[in-house]
Amino acid sequence: MQNVGIPSDPFKYKSLSKWHPQRVAFTIAARFQERSARDNFSNYTLPLISFEEPVTPPVFDSSDTSVTPVQMSQLLTALQQTESLGGPLVEIGSYRGITTTQLAAKTKRQVIAVDPYIGYGAGETDYAIFQKRVAAFANIEHWRMTSGQGMRKIRENGAKLSFVFVDAVHDYVNTLFDGRTYGELLAPQGSIAFHDTDDPAFPGTRRAVWEFSQMGGFEIICHVQGLCVFQKRGR
Ligand SMILES: C[S@@+](CC[C@H](N)C(=O)[O-])C[C@H]1O[C@@H](n2cnc3c(N)ncnc32)[C@H](O)[C@@H]1O
């Protein structure tokens, strides 16, 4: 694997005052990266590849998720392939709990749903819907915190993850941070999936996922429009 440093946690800067020099500098740099991602969108193309015998997802309410049935089916197939690893899986960004419950229904493993519900894509109303939807699932544990806080908690308790689904803030700095930090927490043969990887509205996510693919240490095992899955190499 290339020797690449761990990127800064974008949410760390949000705790600073709006005009704090570090926050201003980070925001300007992040916008620059986003613009570069948009200008070079076509350079970040990954090959399409899908599982030949994907599982059929249970019926779900598509008004509460932007994950399509094809993506869901590929996501759940990737999840099932990591079942024997046994360690917990993490979903970063749960919103109203559709993907959380779909994942939980297809595994015996613990599902850690990391989502702070602090206004970046979801708030209290969404949280109430999430809580209602996940209530019947004994294997779902919600951590009301940002991905960075969740990452530090997992690091502290030393758990190796079997699967990660990244579907939180769709920009370059956040996707890069989530992918790189949670990629480190995966067990060998574990997989990490990214959503919204091909949408011109989210060029930074596409760029970050492309860069992730170039980093080494991971092999792309699935890419359908809007969803990429990578398996960590090693035994
Ligand atoms: C696209 S939605 C997730 C959709 C969900 N995976 C689904 O399809 O059912 C994005 C979610 O990311 C959450 N989010 C925003 N910032 C976050 C952060 N720093 N860490 C974790 N989750 C975050 C938002 O609260 C929101 O619920």
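It should be noted that the structure appears before, not after, this text.
My aim in this report is to walk through the structure given alongside it, one point at a time. Each residue is numbered by its place in its chain's sequence as written, counting from 1. The predicted origin of the model limits local features to residues at a pLDDT of at least 70 and limits the giving and counting of side-chain atom pairs to 80 or more, whereas totals for whole chains, interfaces and linings rest on all residues. The side-chain quantities take in all heavy atoms of the structure and omit both hydrogens and water.

**As for the sheet that holds strand S6 (residues 218–224)**
Where we set the bar: Strands qualify as paired when DSSP identifies two bridges or more between them. Think of it this way: any DSSP run of H or I at least four residues long counts as a helix, any run of E at least two long counts as a strand, and we number them from the N terminus. The angle between two axes is taken between their N-to-C directions and runs from 0 to 180 degrees, where each axis is a line fitted to C-alpha atoms and a helix contributes only its stretch in contact. Contacts were defined at the residue level, with two residues in contact if any of their heavy atoms lie within 4.5 Å.
Read from one edge of the open sheet, seven strands run S3-S2-S1-S4-S5-S7-S6, paired in mixed fashion. A single partner strand is all that each edge strand has here, and the edge strands are strand S3 (140–143) and S6. Neighbour to neighbour, the strand axes of the sheet diverge by 15° on average, direction disregarded. Against the sheet, helix H7 (residues 172–185) touches strand S1 (89–92), strand S2 (111–114), strand S4 (161–166), strand S5 (186–195), S6 and strand S7 (227–232), its axis set at about 160° to S5.

**Brief notes about the site of the ligand**
Applicable threshold: What makes a residue near a molecule or strand is one non-hydrogen atom of that residue sitting within 4 Å of it. In protein, a polar contact requires one atom able to donate a hydrogen and another able to accept it; more generally it is a pair of N or O atoms within 3.5 Å, and residues adjacent in sequence count only if both atoms are side-chain atoms. Throughout, the Shrake-Rupley method with a 1.4 Å probe supplies accessible areas, and for residues the shown protein chains are the sole cover considered. Residue type decides the class: Asp, Glu, Lys and Arg count as charged, Ala, Val, Leu, Ile, Met, Phe, Trp, Tyr, Cys and Pro as nonpolar, and the leftover types, Gly among them, as polar.
Residues in contact with the ligand amount to 21 residues; listed here are only the nearest, Thr65, Thr99, Asp115, Ser147 and Asp167. A distance of 2.6 Å separates an oxygen atom of the ligand from a polar atom in the side chain of Thr65. At 2.9 Å, a backbone N or O of Gly93 approaches a nitrogen atom of the ligand. For the ligand, whose unbound accessible area comes to 610 Å², protein coverage reaches 94%. Put simply, the parts of the chain that give the shell around the ligand at least two residues each are S1 and helix H4 (98–105). When the residues that make up the shell around the ligand are grouped by side-chain class, the tally is 12 nonpolar, six polar and three charged.

**A word on the nonpolar core**
As a reminder of what qualifies: The criterion is simple. A nonpolar core is a set of buried Ala, Val, Leu, Ile, Met, Phe, Trp, Tyr and Cys residues joined through side-chain atoms within 4.5 Å. Only protein chains enter the calculation, and the probe is 1.4 Å; a residue is then buried if its accessible area is under 20% of its type maximum, exposed if over 50%, and partly exposed in between.
Met72, Leu75, Leu103, Phe163, Phe165, Leu227 and Val229 are the most contacted members of the largest nonpolar core, which has 29 residues in total. Of all the secondary structure elements, the ones that give two or more residues to this core are helix H3 (69–80), H4, S2, helix H5 (124–134), S4, S6 and S7. With five residues, H3 is the largest single contributor of residues to this core. Apart from the residues lying within four places of it in its own chain, the contact partners of Phe163 are Leu75, Ala78, Leu79, Thr82, Pro88, Leu89, Val90, Leu103, Arg109, Leu186, Ser191 and Ala193. In terms of nonpolar packing, the next biggest core, distinct from the first, is built from 24 residues, Val114, Met151, Phe212 and Phe230 among them.

**Focus on unusual backbone geometry**
Phi at Tyr117 is positive, roughly 50°, even though this residue is not glycine. Position of Tyr117 among the secondary structure elements: in the loop between S2 and H5. Since its relative accessible area comes to 3%, Tyr117 is described here as buried. Backbone geometry at Asp196 places phi at a positive 60°, although glycine is not the residue there. Of note, Asp196 is situated in the loop between S5 and helix H8 (203–214).

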